[in-house]
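Take a look at the letters that make up each chain.
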Amino acid sequence: MDSGFGLKSYRSYLEYGSSSSNLLRPRSTRGRPFGRPSGNRPFIKRTYKKSPKIEIEEYEVPEAVRRIYENKFKPSATFGPEENLLLAEVAEAKQGLSLTVSNYKPRLELLNQIEDEHVNKEFRRCFILAPTLVPKPNLVDRAVGGFKYQLSKHQIRKYSSIIKEDVGVRFSVEFGDDEIKKFSGTVDLVDAKYVIIFTEKELQYNRVTKIEFLAERTTYQMEYRALEMLQESVIERVFFAESYTGKSARNPYIYFSRLVLNR
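Residues numbered from 1 in each chain as written. Predicted model: local features only at pLDDT ≥ 70, side-chain atom pairs only at ≥ 80, totals over all residues. Heavy atoms only, no water.

A. The pattern of salt bridges, seen in detail. Counted under the stated rule, the structure contains 12 salt bridges. Here lysine 121 and glutamate 70 are joined by a salt bridge, their closest N and O atoms 3.2 Å apart. Of this pair, lysine 121 sits in helix H5 (residues 104-124) while glutamate 70 sits in helix H3 (residues 63-70), and the two are 51 residues apart along the sequence. Measuring nitrogen to oxygen at the nearest pair gives 2.8 Å for the salt bridge that ties arginine 107 to glutamate 89. With a gap of 18 residues between them, arginine 107 in helix H5 and glutamate 89 in helix H4 (residues 81-94) connect regions that are remote in the sequence. (Salt bridge = Lys/Arg side-chain N within 4 Å of Asp/Glu carboxyl O. Helix = DSSP H or I, 4+ residues; strand = E, 2+ residues; numbered from the N terminus.)

Set out below in structure tokens:
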């Protein structure tokens, strides 16, 4: 999402806290000795209290957004009131109508949902049925532990362009009485012939019936959370400052989304 909307700085606020000393001090020096000692004077170690870790909730793309995306943001007789309202919001954005204090959050949330769905859809088709996996214990770092499995690249030739390191993986493993259990992993390495997948738990690799590759959604989840916490009074003071200072505020509307405008 474009930094002109202010979400980048707000995300930093969520990650590192509101303390000015935390925000201004380079991350590499926080909690570490700094300054040169003089004579017998020891290093002075200054520590800064860490902000509490914020658990990010799982936000899903609403069905209405999925439907208008699938229909390329065009009207349909099958759409209900919810889809039609979203289409009207997209139409306003395409016309270049500026953001306001009242529509700032819902429009940015819609943009985030559309971009999120774009990535989700790309990965939704990315799965393999009855895959052939080869265990590779020789590739496991003993200091890290876990397990590694090799997947030949010809099994994923249709999706090889989007499968990269750190992409999430979900295994469906069949047990007795048609019981299916899910296990997670991560793409550890991609080369010309193979994909190496890391798992924390050992798999019964000869019973894996399906492998799914998952979209990386952390950025979108953080932006949903940032928008949820962003108060209207903050929006007005930061992004629409003219009413407070008498000075011309920067135009908060930069673009809606090339993804939307080009569809």
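From this point on, the discussion continues.
B. Molecular detail of the confidence of the model for the protein chain. In the predicted model, the protein chain carries a mean pLDDT of 75, and 69% of its residues have values of at least 70. Contacts of residues 43-54 to residues separated by more than four positions or lying in other chains number 24 contacts, the stretch itself having pLDDT below 50. pLDDT under 50 marks residues 249-259. Its contacts with residues more than four places away, or in other chains, come to 36 contacts. (pLDDT = per-residue confidence, 0-100. Contact = heavy atoms within 4.5 Å.)

C. Molecular detail of the nonpolar core. In terms of nonpolar packing, the biggest core is built from 38 residues, with Leu151, Ile163, Phe171, Ile211 and Phe213 touching the most fellow members. Every element with two or more residues in this core is listed here: H3, H4, H5, strand E5 (147-152), strand E6 (168-174), strand E8 (194-199), strand E9 (208-214) and helix H6 (218-229). With residues near it in sequence (within four places) discarded, isoleucine 211 still touches Cys126, Phe127, Ile128, Pro131, Leu133, Leu151, Val169, Arg170 and Phe171. Membership of the second largest hydrophobic core comes to 8 residues, among which are Leu99, Tyr104, Phe239 and Phe240. (Core = buried A, V, L, I, M, F, W, Y, C linked by side-chain atoms within 4.5 Å. Buried < 20%, exposed > 50% of the residue type's maximum accessible area, 1.4 Å probe, protein only.)

D. Main features of unusual backbone geometry. Located in the positive-phi region is alanine 130, a residue other than glycine, with phi close to 50 degrees. Relative to the helices and strands, alanine 130 is located in the loop between strand E3 (127-129) and strand E4 (133-135). Backbone geometry at aspartate 166 places phi at a positive 80 degrees, although glycine is not the residue there. Within the secondary structure layout, aspartate 166 lies in the loop between E5 and E6.

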